[in-house]
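Residue strings, one per chain:
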Amino acid sequence: MEKPFAITLDPGTSLSNHTGSWRTERPVYVHRLPPCNNGCPAGEDIQGWLFHAESGDYEKAWHKLTENNPFPAIVGRVCYHPCESACNRGQIDEAVSIHAVERFLGDEAIKKNWAFPLPVQKSGKRVLIVGAGPSGLTAAYHLACLGHDVEIHEAGPMAGGMLRFGIPQYRLPRDILDAEVKRILDMGVTLHLNRKVENALTAMQEGGFDAVFLAIGAHIAKRAYIPAGAAAHVLNAVNVLHDLETGEKPLLGRRVVVYGGGNSAIDVARTAKRLGADEAVIVYRRTRDAMPAHPSEVHEAEAEGVLIRWLTTITQAEEGELTIEKMCMDDDGSLQPTGEFETLQADSLVLALGQDVDLGLLEHVPGIEIEGGVVKVGENMMTGCEGVFAGGDMVPSERTVTVGIGHGKLAARNIHAWLNGETWVHPPRPAIATLDRINRWYYSEAPKVVQPELDAVRRMNGFEEVVQGLNADNALFEARRCLSCGNCFECDNCYGVCPDNAVKKLGPGKGFEFDYDFCKGCGICVAECPCGAIDMVPEDI
Amino acid sequence: MLKQLEGSRAVAEAVALCRPEVVCAYPITPQTHIVEAVGEMVREGTLSPCEFINVESEFSALSVAIGASAAGARTYTATASQGLLFMAEAVFNASGMGFPIVMTVANRAIGAPINIWNDQGDSMAMRDSGWLQIYATSNQEAVDLHIIAFRLAEEISLPVMVCMDGFVLTHAYERVDIPEQAEVDAYLPPFEPRQILDPAEPVTMGAMVGPEAFTEVRYLAHIKQMQALELLPKLAREFEARFGRDSGCLIQRYRTEDAKTIVVALGSVVGTLQEVIDTLRNEGHAVGVLAIRAFRPFPLAEVHDALMHAERVVVVERAFAIGQGGIVADSIRKALQGRPAPIYTVVAGLGGRPITQASLNAMLHQAMDDALPSVTFLDLQTDVVERALERERSHRRSGPVAEGVLKDLGVKAMQYV
Amino acid sequence: MSHQEVKFYQTGTFTVGNRLLDPEQRSVQSTEERTNALNSGHRACQGCGEALGARYAMDAAMAATNGQIVIANATGCLEVFSTPYPETAWQVPWVHSLFGNAAAVGAGLAAAMRVKGKSDVRVIAQGGDGSTADIGFGPLSGMFERNDDVLFICYDNQGYMNTGVQRSSATLPAARTSTTAAVGKRPGHQLGMGKFVPEIAMAHHIPYVATATVADLRDIEAKVTTAMSLRGARYIHILVPCPLGWGSASHDTVRLARMAKESGLFPVFEARDGEVTDSLKIRHQVPVEEFLKPQKRFAHLFGKQRDEEAIGFLQARAERNIRKYHLLEA
Ligand SMILES: Cc1cc2nc3c(=O)[nH]c(=O)nc-3n(C[C@H](O)[C@H](O)[C@H](O)COP(=O)(O)OP(=O)(O)OC[C@H]3O[C@@H](n4cnc5c(N)ncnc54)[C@H](O)[C@@H]3O)c2cc1C
Ligand SMILES: Cc1ncc(C[n+]2csc(CCOP(=O)(O)OP(=O)(O)O)c2C)c(N)n1
Ligand code: SF4
Ligand code: SF4
Ligand code: SF4
Ligand SMILES: [Mg+2]
């Protein structure tokens, strides 16, 4: 073609005009810390594993999840999911049901026999773990992953700690527990049951261990002074639940009163119902808002017919009946007796007032500091005694399964570093991916998937699991409700909305790159990034 | 084939022989008959393939033509007067972009006052638009020039305006020789555009050009147009060889060789002048006529050669540059730069006023005596203008002068076509 | 709705793409193979909505026609910022003639394609709101009336931006422009002036008329694709915020387009043969204020004393659109 001078031009020649020089600010891709991750006591990369679940690659998602927590099927059932309380989506409609997807992945792994990868190299170091509860088992898992020889000494006849002897089966079926414990043992972790450690230091030295992690939980039921007649039938929650697990059916009677406001109280009351009690009443001193038990469990208990007497104390226990007193809360929130008394029919009274730690095994260990009945540890989870680490319910904590798991992980990392003569430092935490950085427009309206529950009649027929899991379809749906806070999920928005084609698409899984030769720094990509994964930073000029 | 035809029809047939692929039509007297006739041929299927488009304005007529030409179609349109001005912006654009569109201008006066009759004020207003302009002196020439115009436009990749006097030519029934299709086909090969919008080879046409290159663009446009000074005679010779008629040279001389007085003119008045010259020659006067066919580019050298020996030059113009004088005369003056011979401007036939042999004859006698004012308005009713001027002087009156003048002439109301 | 909604939670059809979508559900803009008909290096202002809209539309047209398009472009920002000698940002056959004749040039291109038997080559004519609603309105109407086989796209930034932000007949009432200063008794553009070309286009009963905004990429792509599947005169009117003319932050371009639609001030709909067939529903309705406030051209409405008359006027217009185009019904 004969092109007239200057009037007719060859296509695409504008590429020689580098408009990037106009820029005063530049967009950069960032990874922010999603609030869910920040809220997870086990330090899971929730957004990270949801990313794979969103594509239906559940195995990858499970592997990503278990990098931090070996118990998705368990925590998917029993964790109080603080991640969900922190979830940004909670402020839009409802939080992503992280635990439900987590549970689905855990169950999927059990069904499909997914296993943990074995460590490539053995370290030659031996670590003793005392207590096969969630904290101890988690430490064992991580240490095994890091190549250490791990041996667990467990006082009880079965592994699991409070997972087995506290949390009832209708919330955590035992085959699930067994499967997830077994997967850890399959890594070569040795477990000695019925082996109570009496002295931590000697156990370590005699066994030739290089370090020890203590995770013995808190098992001694707390008592409260209640004047009781000789014939009064007074029990405690941990024992009731423990007995049930070991096959001894506790004798509770027709009318059971539980005293306390924590999860054990709820669990005992619900258990009593399942054992045939006509009436299960929880007597709690404070109000609903103040109750430490998780609202979802209170709700489930009430649905099963458990009655709760708020602002009430027990002043006297006699055979077949209790005297209770109404309380009131004054302006500053403190409780005051009202002097109004009432009688309550009760064949048994179960005390669920919390547990203390049995610290016997530390009596002769030097350097240990005890405060408020629990063992003090440093940031590295080490007690005052070199090489002796501790975590879970026995150290100052919220006493939940997931906190225990988090401690187990943290302890494992520190033990590993300590064994290598190093100090483990937490990698720098990126800033939180806050909701104000989310461009809500882009997310579809998607109400949370409700997990089906067992109907009330069937619940009372035994210990069948109450809350049901998701299937592959609705797990996918739920995973896709995730906003991917602060982390690119390859929605192509930046690639599309740039008026200057200054975003390069690198292909699936590879994300995008800015072409600073042409980016004018308008910031549309930043504003229109749904998840807030782009920052605008000033250009040095 | 010899035919007795109206000028418009003859041109329409010539255009059709050139196989235009896109024809845009918008009515305006005295051009309308041309596109009507082309439209009919398209409807009948005698001109095919051809897209005949009834546009909503002349601006769009030429804009559609621009688009069609950009896509490589041979494109034709026609207009006159107000229509030409209405498309003015596109006129400049078409030439700036180098699209070889052929357009007939059926010359007509420009308003106000609105006037449907012939003069060349319209095409003269567009003389610097970058188009080639050729003026036909007769309908036969108009026919032939359209055929040559397509060839010229496409070879040089510039648009060509073929100007023919409205009514005088467009509406005159004359015997014209309409060439055979095969002959035209042999003379005019299919259009091969220099540049084309084509998905297979994308280009950007019509870029914005700033001070860094605009001068060069204009310089090149000038050079390109000047090439027609060689090309047109060459094409005319080829035409003559094939069709046996000389219709396309830059200029046409009539009894000028030994003429002391040469009259210069464009368009149909040349025929009248030739008859007047014959009469004067019979009376023994050495007079001749020089017809300028190509006004753009202006054939300075040829005009110079033709007028070199004349003692005086009389330029008969069918247009007038108000506030300045003769438009053609100016160019003649340039061609004759340095020669002392007087150059008279005679403004004639404005707004359709007949140019009679008698008036021309009288005027030329005056010229030969060098008694002609340097600018003369032929057959000007001096009493009328005097009275109007007088009134102007005595009191500032409202309303256009023309209205007053018509009143003086006793003309009450006029129906415009 | 013109586009097929993707039943896909997380972002559904709202984002440009998504790694999880089936290839056939992907938008043109999300693909690495998109034409980038308007390429990098053009000189549009930072955050120019017109540059964005033009690439969205042209890339979609390229995809819909297998690369067989030619474009006639009117004078205006889009032309000026894309083709200053010696560089052009266009990668598709493109011609600029004049400010007011793009529709006619398009008609000429279409006629040439037809006569040359190249009907597979499709013609698009495009320009700003000034060239569409004002100076080129006659040729546009002529092209519509003749039902020429041309898709005309108007990039509506509500003013003559290229010449320094003067008002056009598409400028919103009350807006400040260089020729409707925010001074005097009635600051900004007169209330009650202006025209809405899509409705006039419909009055020509042409096969297809649609409106869109740069905030709904999927919608633009679907509409361009639909338009390219039809023959005859078609018209798409795309709202393209102009940071310079609107006095808005460059990063707000897409957001403002969204607010215009979500407030009802700019109705997004489709019409076939002169009848409205569908409209894009408002998802999260906002008062017009949310659209107006971030723009300096409306700053005078929110001064010491709010201009309730003007705000009310615009709100009423939004409500009329909502009623007329059923923007709130499901
Ligand atoms: C009824 C009940 C319900 C609960 N529900 C929930 C819930 O829904 N969600 C939640 O997050 N948390 C719940 N918790 C709390 C949770 O179970 C504990 O916080 C968690 O199990 C603590 O884990 P751990 O590993 O520290 O200790 P544990 O689980 O108590 O495990 C400690 C293990 O150490 C063993 N051990 C003790 N002493 C020795 C020794 N000297 N030598 C060897 N082994 C020893 C024990 O036998 C036990 O197996 C509940 C607790 C109870 C009591
Ligand atoms: C006939 C003519 N009149 C005026 C101009 C000056 N002019 C060029 S672009 C333009 C405004 C363009 O406005 P619009 O069509 O809305 O496009 P925008 O620049 O806003 O994208 C004007 C007035 C011109 N080029 N031609
Ligand atoms: S939306 Fe997703 S990434 Fe964001 S907090 Fe919730 S689960 Fe985490
Ligand atoms: S949208 Fe494009 S030009 Fe604007 S900041 Fe992002 S990359 Fe740069
Ligand atoms: S003035 Fe407006 S339309 Fe023009 S380039 Fe700038 S932002 Fe785009
Ligand atoms: Mg505009």
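Parameters at a glance
- Residues numbered from 1 in each chain as written.
- Chains lettered and ligands numbered in written order.
- Predicted model: local features only at pLDDT ≥ 70, side-chain atom pairs only at ≥ 80, totals over all residues.
- Heavy atoms only, no water.
- Donors = N, O, S within 2.8 Å, 3.2 Å for Na, K, Ca; no water.
- Helix = DSSP H or I, 4+ residues; strand = E, 2+ residues; numbered from the N terminus.
- Buried < 20%, exposed > 50% of the residue type's maximum accessible area, 1.4 Å probe, protein only.
- Contact = heavy atoms within 4.5 Å.
- Buried area = accessible area lost by both parts, 1.4 Å probe.
- Salt bridge = Lys/Arg side-chain N within 4 Å of Asp/Glu carboxyl O.
- Polar contact = N/O pair within 3.5 Å; in protein donor to acceptor, adjacent residues only side chain to side chain.
- Near = heavy atom within 4 Å.
- Nonpolar A, V, L, I, M, F, W, Y, C, P; charged D, E, K, R; others polar.
- Domains from an automatic or database assignment.
- Pairing = 2+ DSSP bridges.
- Axes fitted to C-alpha atoms, helices over the stretch in contact; angles between N-to-C directions.
- Areas by Shrake-Rupley, 256 points an atom, 1.4 Å probe, with all protein chains shown as cover.
- Parallel < 35°, antiparallel > 145°, perpendicular 65-115°, else oblique.
- Left-handed = near helix turned anticlockwise from the far one by under 90°.
- Expected span 1.5 Å × (residues − 1).

1. Quick notes on the coordination of the magnesium ion (ligand 6)
Residues and elements named next belong to chain C. Taken together, D129 (OD), N157 (OD1) and G159 (O) make up the full set of protein donors to the magnesium ion (ligand 6), lying 2.0 to 2.1 Å away. The motif formed by the donor residues of the magnesium ion (ligand 6), counted along the single chain, is D-x27-N-x1-G. Of this pair, D129 sits in helix α4 (residues 129-135) while G159 sits in the loop between β4 (150-156) and α6 (197-202), placing them 30 residues apart in sequence. Relative accessible area serves as the criterion here: at 1%, D129 is assigned to the buried category. With a relative accessible area of 5%, G159 lands in the buried category.

2. A word on the interface of chain A and chain C
Every contact between the two is made by 50 residues of chain A and, on the other side, 51 residues of chain C. Both faces considered, chain A and chain C share a buried interface measuring about 4500 Å² in area, 52% of it formed by carbon and sulfur atoms. The three residues of chain A that bury the most area against chain C are W441(A), R480(A) and N501(A), which together make up 18% of that side's buried surface. Between E528(A) and R258(C) there is a salt bridge whose closest N-O contact spans 2.9 Å. Run the count over chain A and chain C and you get 42 residue pairs in polar contact (both at pLDDT 80 or more). Of all the elements, helix α17 (residues 493-497) of chain A adds the most residues to the side of chain A that touches chain C, at 4 residues.

3. Some words on the side chain of S131(C)
Residues and elements named next belong to chain C. Mapped onto the fold, S131 is located in helix α4. From its side chain, S131 meets the backbone oxygen of G128 in a polar contact 3.1 Å long. In this structure, S131 is in contact with A74, T75, F99, G136 and F137, ignoring residues within four places of it in sequence.

4. Examining the site of ligand 5
Taken together, A44(C), C45(C), C48(C), E50(C), C77(C), F81(C), N157(C), M161(C), C242(C), P243(C) and L244(C) form the complete shell of residues around ligand 5. Taken together, the residues of the shell around ligand 5 sort by class into 9 nonpolar, 1 polar and 1 charged.

5. Details of the domain arrangement of chain A
Residues and elements named next belong to chain A. As far as domains go, chain A holds domain 1 (17-31 + 488-538), domain 2 (37-114 + 444-477), domain 3 (126-219 + 357-419) and domain 4 (226-354). Once you take the C-alpha centre of each, domain 2 and domain 3 turn out to be 25 Å apart. Contacts between domain 2 and domain 3 engage 27 residues on the former and 27 residues on the latter. Taking both partners together, domain 2 and domain 3 bury about 2200 Å²; carbon and sulfur atoms supply 67% of that area. Put simply, domain 2 and domain 3 have 0 salt bridges between them. Run the count over domain 2 and domain 3 and you get 10 residue pairs in polar contact (both at pLDDT 80 or more). Listed by contribution, the elements that provide at least two residues to the side of domain 2 that touches domain 3 are α3 (58-66), α4 (72-78) and α6 (98-112). Top contributing element to the side of domain 2 that touches domain 3 by residue count: α4, with 6 residues.

6. Description of the interface of chain B and chain C
With 38 residues of chain B in contact, the opposing surface of chain C contributes 39 residues. Both sides of the chain B and chain C interface together cover about 2900 Å² of buried area, and 66% of this is carbon and sulfur. Ranking the residues of chain B by area buried against chain C places L197(B), P199(B) and M208(B) at the top, with a combined share of 21%. Ionic pairing is found between E56(B) and R146(C), a salt bridge with its closest N-O pair at 2.8 Å. Counting across the chain B and chain C interface gives 14 residue pairs in polar contact (both at pLDDT 80 or more). Listing elements by their share of the side of chain B that touches chain C, those giving two or more residues are β3 (51-54), α3 (58-70), α5 (88-97) and β9 (204-205) of chain B. Here the side of chain B that touches chain C takes 8 residues from α3(B), the largest share from any one element. Among the residues making up the side of chain B that touches chain C, the classes are represented as 24 nonpolar, 8 polar and 6 charged. Summarising the sheet, β9(B) and strand β2 (residues 94-96) of chain C pair through 2 bridges and their orientation is parallel.

7. A word on the sheet that holds strand β14 (residues 335-345) of chain A
Residue and element names in this part refer to chain A. In space, the 3 strands of this open sheet follow the order β12-β13-β14, with antiparallel pairing throughout. With partners counted over all chains shown, the strands left at the sheet margins are β12 (312-318) and β14, one partner each. If you compare each strand with its neighbour and ignore which way they point, the axes differ by 25° on average. The pairing of β12 with strand β13 (residues 321-329) spans 6 bridges and is classified as antiparallel. Residue pairing in the sheet places Q316 in a bridge with T323 of β13.

8. Topic: the domain arrangement of chain B
Residue and element names in this part refer to chain B. The domain architecture assigned to chain B consists of domain 1 (2-243) and domain 2 (251-377). Counting from both sides, the interface comprises 27 residues of domain 1 and, opposite them, 23 residues of domain 2. One can count 3 salt bridges joining domain 1 with domain 2. When the shortest N-O distance is used, the salt bridge between E141 and R293 registers 2.8 Å. Our count for the contact surface shared by domain 1 and domain 2 stands at 14 residue pairs in polar contact (both at pLDDT 80 or more). When residues of the side of domain 1 that touches domain 2 are traced back to their parent elements, those giving at least two are α6 (121-125), β6 (132-135), α7 (139-156), α9 (214-226) and α10 (228-243). Among the elements that take part in the side of domain 1 that touches domain 2, β6 stands out by supplying 4 residues, more than any other. In the side of domain 1 that touches domain 2, the residues fall into 15 nonpolar, 7 polar and 5 charged.

9. A short note on the pattern of salt bridges
If you walk through the whole model with that rule in mind, you get 80 salt bridges over all chains. E453(A) is the partner of R459(A) in a salt bridge, and the nearest nitrogen-oxygen pair spans 2.9 Å. Residue classification places E453(A) among the partly exposed positions, given a relative accessible area of 40%. Taking the shortest distance from any N to any O, the salt bridge between E289(C) and K293(C) comes out at 3.4 Å. Residues joined by salt bridges that share partners form a network here, namely R270(A), R274(A), E300(A), E304(A), E453(A) and R459(A).

10. A word on the environment of I238(C)
All names here are of chain C. Relative to the assigned elements, I238 resides in strand β6 (residues 234-239). According to the relative accessible area criterion, I238 is buried, its value standing at 0%. Taking the C-alpha atoms as reference, I238 lies 20 Å from E290; in sequence the two are 52 residues apart. Apart from the residues within four sequence positions on either side, I238 is in contact with A57, I153, C154, Y155, D156, A212, T213, V214 and I220.

11. Describing the site of ligand 2
In the vicinity of ligand 2, 17 residues are found, and the nearest of them are E50(C), C77(C), G130(C), S131(C) and G159(C). Near ligand 2, the surrounding residues are drawn from chains B and C. Within the contact set of ligand 2, an oxygen atom lies 2.8 Å away from a side-chain nitrogen or oxygen of E50(C). Between ligand 2 and N157(C) there is a distance of 3.0 Å, counted from an oxygen atom to a side-chain nitrogen or oxygen. Considering ligand 2 on its own, with 580 Å² of exposed area, one finds that the protein chains cover 78% of that surface. With 4 residues, α4(C) is the largest single contributor of residues to the shell around ligand 2. Split by residue class, the shell around ligand 2 holds 5 nonpolar, 9 polar and 3 charged.

12. Remarks on the packing of helix α12 (residues 263-274) of chain A against helix α13 (residues 295-303) of chain A
Residue and element names in this part refer to chain A. Two elements in contact, α12 and α13, have axes separated by 10 Å at closest approach and are oriented at 20°. By the angle between their axes, α12 is roughly parallel relative to α13. For the pair α12 and α13, the sense of crossing is left-handed. Mapping the contact onto sequence places N263, I266, D267 and R270 in α12 and E297, V298, E300 and A301 in α13. Each residue belonging to the contact of α12 with α13 can be placed in one class, and the counts come to 3 nonpolar, 1 polar and 4 charged.

13. Regarding α3(B)
Residue and element names in this part refer to chain B. Along its 13 residues, α3 runs 18 Å from first to last C-alpha, staying within 8% of the 18 Å computed at 1.5 Å per residue. For α3, a buried count of 13 out of 13 residues is recorded, marking the element as mostly surrounded by other parts of the structure. You can read the cap of α3 off the contacts: a side-chain oxygen lies 3.2 Å from the backbone nitrogen of F59, and it is on S57. Just downstream of α3, G72 is the residue with a positive phi angle, here 90°.

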